[in-house]
Amino acid sequence: MIETRELTKRFDEFVALDGVSLHVRQGSVYGLVGPNGAGKTTLIRHLAGVYRQTSGEVLVDGQPVFENNAVKERIAYIPDDIFYFMQASTRDMMAFYRGIYPRFNMERYNALKDAFKLVDEKRAIRRLSKGMQKQSAFWLAMCMMPDVLLLDEPVDGLDPIMRRQVWSLIMEDVVERGMTVLVSSHNLRELEDVCDYMGVMDGGRLVFERSVTELQENLVKVQVVFETEDAQLPPELEVLHREKAGRIHTLIVRCSPEEARERLGVLKPLLLDTIPLSLEEIFIYELGGVERGIKDILL
Amino acid sequence: MIRLDFRDSRPIYEQIMENLRKLIVSGAIAAEEKLPSVRELATKLAINPNTIQRAYRELENEGYIYTVPGKGSFAAPAGTLSRQKREELFRKLEEAAVELMYAGVQPPDILAHIEAVLQKEEKKSE
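Residues numbered from 1 in each chain as written. Chains lettered and ligands numbered in written order. Predicted model: local features only at pLDDT ≥ 70, side-chain atom pairs only at ≥ 80, totals over all residues. Heavy atoms only, no water.

Here we look at the overall build of chain B
Then, in step 1: The helix and strand inventory of chain B stands at 5 helices and 2 strands.
Then, in step 2: Helices and strands appear in chain B in the N-to-C order α-α-α-β-β-α-α.
Then, in step 3: Taking the principal axes of its C-alpha atoms as reference, chain B extends roughly 50 × 35 × 25 Å.
Then, in step 4: Sequence separation of 24 or more characterises 43% of the internal contacts of chain B that already satisfy a separation of 6 or more.
Then, in step 5: Split by element, the accessible area of chain B, about 8,400 Å² in all, is 55% carbon and sulfur. (Helix = DSSP H or I, 4+ residues; strand = E, 2+ residues; numbered from the N terminus. Contact = heavy atoms within 4.5 Å. Areas by Shrake-Rupley, 256 points an atom, 1.4 Å probe, with all protein chains shown as cover.)

See below:
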């Protein structure tokens with residue numbers, strides 16, 4: 001649904017994006033993580049048609065985005081720094097968006113009044129608090145019935161209850177209409193429960209992208225105790241990390257839990273336990289600190 | 001009904017599986033009862049529908065639930081667990097027994113305890 005090919009963006013001498021090839025499937029929720037300055041916002045601005053790329057391609061549903069209204073009217077974008085007309089209230093913006101987005105859904109606008117009841121729709125958005133501005137932006141975006149929803153640091157300023165409510169609304173559209181979501185954050189924890197795909201950015205590059213299932217199935221933590229001290233691990237086992245406390249070996253192994261059990265089971269260990277890793281741990285071992293700044297997203 | 005703890009380091013799909021297993025085994029979800037749809041759970045818990053789907057798929061492999069295409073997922077009647085799952089449960093029983101022995105509990109007491117649990121469960125299902 002969303003694709004970039006070798007996307008590069010330069011601001012004068014500064015290379016903000018360096019050959020980014022991103023793939024987001026229709027109906028998936030894609031989490032883009034990376035430290036500050038990795039290029040997440042710049043990338044999203046290209047996907048929203050705000051920036052024109054220096055080179056490469058930016059495609060949504062197979063079509064270039066920049067200056068392409070037919071594509072852009074299917075995209076809703078909630079930037080980190082929300083920007084509206086001076087003095088415009090949520091209701092004024094609703095009237096404005098109705099004229100621009102052909103699919104703007106009035107019924108939904110009225111139905112969602114209840115979900116965002118703390119937002120005063122007649123008050124100038126700029127005079128609302130930051131959290132309220134975000135809520136107002138979500139309210140309007142959900143009424144556009146977008147096929148693609150772009151969220152830049154969306155939960156910044158939202159309280160946990162609102163965060164949940166907003167994600168619940170988003171998930172409904174993902175399941176019911178197959179809406180595609182791309183969401184950025186500098187914090188992995190924040191995205192762990194909502195995303196099914198992950199992309200990691202650093203220094204203007206996409207370091208890797210993978211499905212969450214794939215990430216979870218390919219690494220496993222094993223705790224094992226052998227009868228003898230000098231037991232040799234099977235050489236075909238790819239061990240990324242090992243620790244020893246007393247007689248207990250803790251291994252991080254690149255394979256499925258079943259495979260680890262089978263491979264190590266033949267050594268007749270006294271104890272053999274496989275423990276699934278949290279996404280956070282997976283990132284630590286997958287990226288192995290090779291990439292600078294990756295630590296920052298894990299905090 | 002289903003609680004997730006995001007400080008828990010286990011993947012979310014495992015937490016959902018664990019929750020549903022408990023509900024089914026305790027009878028809170030009766031055999032042949034329909035489980036909440038993927039859509040319902042995804043919106044209610046505000047988590048990705050694929051995560052729910054995965055939990056359902058693995059529960060089906062373990063034999064706790066079954067799916068009727070177009071109708072949804074249902075709690076399976078007792079006695080349908082897969083061989084692997086049964087082996088896993090026996091392993092857990094083994095571990096617990098070994099630990100109890102280590103704690104100094106005498107084998108007859110362990111057996112008596114299991115006996116009592118089984119009798120209580122049998123009464124419940126009558």
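On we go from here.
Quick notes on the packing of helix H1 (residues 12-25) of chain B against helix H3 (residues 49-62) of chain B
Residue and element names in this part refer to chain B.
Then, in step 1: Remark: H1 packs on H3, axes separated minimally by 9 Å, with the N-to-C direction vectors making an angle of 50°. Here H1 is positioned oblique relative to H3, judged by the angle of their axes. The element H1 and its partner H3 pack so that their crossing is right-handed. Within the contact between the two elements, H1 uses Ile12, Tyr13, Ile16, Met17, Leu20 and Arg21 and H3 uses Thr51, Ile52, Arg54, Ala55, Tyr56, Glu58, Leu59 and Glu62. (Axes fitted to C-alpha atoms, helices over the stretch in contact; angles between N-to-C directions. Parallel < 35°, antiparallel > 145°, perpendicular 65-115°, else oblique. Left-handed = near helix turned anticlockwise from the far one by under 90°.)

Some words on the packing of aromatic side chains
Residue and element names in this part refer to chain A.
Then, in step 1: Applying the stated criterion across every chain, the model contains 7 aromatic pairs over all chains.
Then, in step 2: Look at Phe11 and Tyr51: their rings are 5.5 Å apart centre to centre, the planes differ by 70°, and that puts the pair in the edge-to-face class. One end of the pair, Phe11, is in strand E1 (residues 2-11); the other, Tyr51, is in the loop between helix H1 (40-47) and strand E4 (55-60), and 40 residues separate them in sequence.
Then, in step 3: Accessibility expressed as a relative area gives 34% for Phe11, which makes it partly exposed.
Then, in step 4: Here Tyr97 and Tyr101 contribute two aromatic rings whose centre-to-centre distance is 5.7 Å and whose plane-to-plane angle is 70°, an arrangement assigned as edge-to-face. In this pair, the class of Tyr97 matches that of Tyr101, namely buried.
Then, in step 5: Aromatic ring contacts, followed pair by pair, group Phe85, Phe96, Tyr97 and Tyr101 into a single cluster.
Then, in step 6: We note Lys9 situated over the ring of Tyr51; from NZ or CZ to the ring centre the distance is 5.4 Å.
Then, in step 7: The ring of Phe83 has Arg126 sitting right over it, with the charged end atom 5.3 Å from the ring centre. (Phe/Tyr/Trp six-rings, centres within 6.5 Å; stacked < 30°, edge-to-face > 60°. Buried < 20%, exposed > 50% of the residue type's maximum accessible area, 1.4 Å probe, protein only. Lys NZ or Arg CZ within 6 Å of the ring centre and 35° of its normal.)

Focus: H3(B)
Residues and elements named next belong to chain B.
Then, in step 1: An ideal rise of 1.5 Å per residue puts 20 Å on 14 residues; H3 measures up with 20 Å between its terminal C-alpha atoms.
Then, in step 2: Residues of H3 that are buried: Pro49, Thr51, Ile52, Arg54, Ala55, Tyr56, Leu59 and Glu62.
Then, in step 3: The N-cap of H3, judged by a side-chain oxygen 2.8 Å from the amide nitrogen of Asn50 a few residues on, is Asn48.
Then, in step 4: One or two steps after H3, the chain reaches Gly63, where phi turns positive at roughly 95°. (Expected span 1.5 Å × (residues − 1). Polar contact = N/O pair within 3.5 Å; in protein donor to acceptor, adjacent residues only side chain to side chain.)

A word on the pairing of strand E11 (residues 220-225) of chain A
Residue and element names in this part refer to chain A.
Then, in step 1: In terms of burial, E11 is a largely internal element, 5 of the 6 residues being buried.
Then, in step 2: Pairing of E11 with strand E14 (residues 271-275), which is carried by 5 bridges, proceeds in the antiparallel orientation. Looking at E14, one finds that Val225 is bridged to Leu271. (Pairing = 2+ DSSP bridges.)

Comments concerning the environment of B:Glu62
All names here are of chain B.
Then, in step 1: When you line up the elements, Glu62 lands in helix H3.
Then, in step 2: Judged by relative accessible area, Glu62 falls into the buried class, the value being 14%.
Then, in step 3: Between the C-alpha atoms of Glu62 and Gly104, which are 42 residues apart in sequence, the distance is 34 Å.
Then, in step 4: The contact partners of Glu62, leaving out residues within four places of it in the chain, are Met17, Arg21, Leu81, Ser82 and Lys85.
Then, in step 5: A distance of 3.1 Å separates polar atoms of two side chains, one belonging to Glu62 and the other to Arg21.

Observations regarding the interface of chain B and chain A
Put simply, an interface is often sized by how much accessible area is lost when its parts join up.
Then, in step 1: Contact residues are listed per partner, giving 19 residues for chain B and 21 residues for chain A.
Then, in step 2: Counting across the chain B and chain A interface gives 3 salt bridges.
Then, in step 3: Salt-bridge contacts for B:Arg39 lead to A:Glu172; the nearest nitrogen and oxygen are separated by 3.8 Å.
Then, in step 4: The interface formed by chain B and chain A contains 8 residue pairs in polar contact (both at pLDDT 80 or more).
Then, in step 5: The dominant element in the side of chain B that touches chain A, judged by the number of residues it contributes, is helix H2 (residues 38-45) of chain B, at 5 residues.
Then, in step 6: When grouped by side-chain class, the residues that make up the side of chain B that touches chain A number 9 nonpolar, 4 polar and 6 charged. (Salt bridge = Lys/Arg side-chain N within 4 Å of Asp/Glu carboxyl O. Nonpolar A, V, L, I, M, F, W, Y, C, P; charged D, E, K, R; others polar.)

A few points about the domain arrangement of chain B
Then, in step 1: Taken as a whole, chain B is organised into domain 1 (12-75) and domain 2 (83-124).
Then, in step 2: A separation of 27 Å is found between the C-alpha centroids of domain 1 of chain B and domain 2 of chain B. (Domains from an automatic or database assignment.)

Notes on the sheet that holds strand E12 (residues 239-245) of chain A
All names here are of chain A.
Then, in step 1: The 4 strands lie next to each other as E12-E13-E11-E14, forming an open sheet whose pairing is antiparallel. What marks the edges here is a single partner per strand, and that holds for E12 and E14. Direction aside, neighbouring strands of the sheet carry axes that sit 15° apart on average.
Then, in step 2: Where E11 and strand E13 (residues 248-253) come together, 6 bridges link them in antiparallel fashion. The residue bridging Val222 from the neighbouring strand is Leu251, located in E13.
Then, in step 3: Together, E11, E13 and E14 form the strand contacts of helix H9 (residues 257-265), whose direction differs from that of E14 by roughly 165°.

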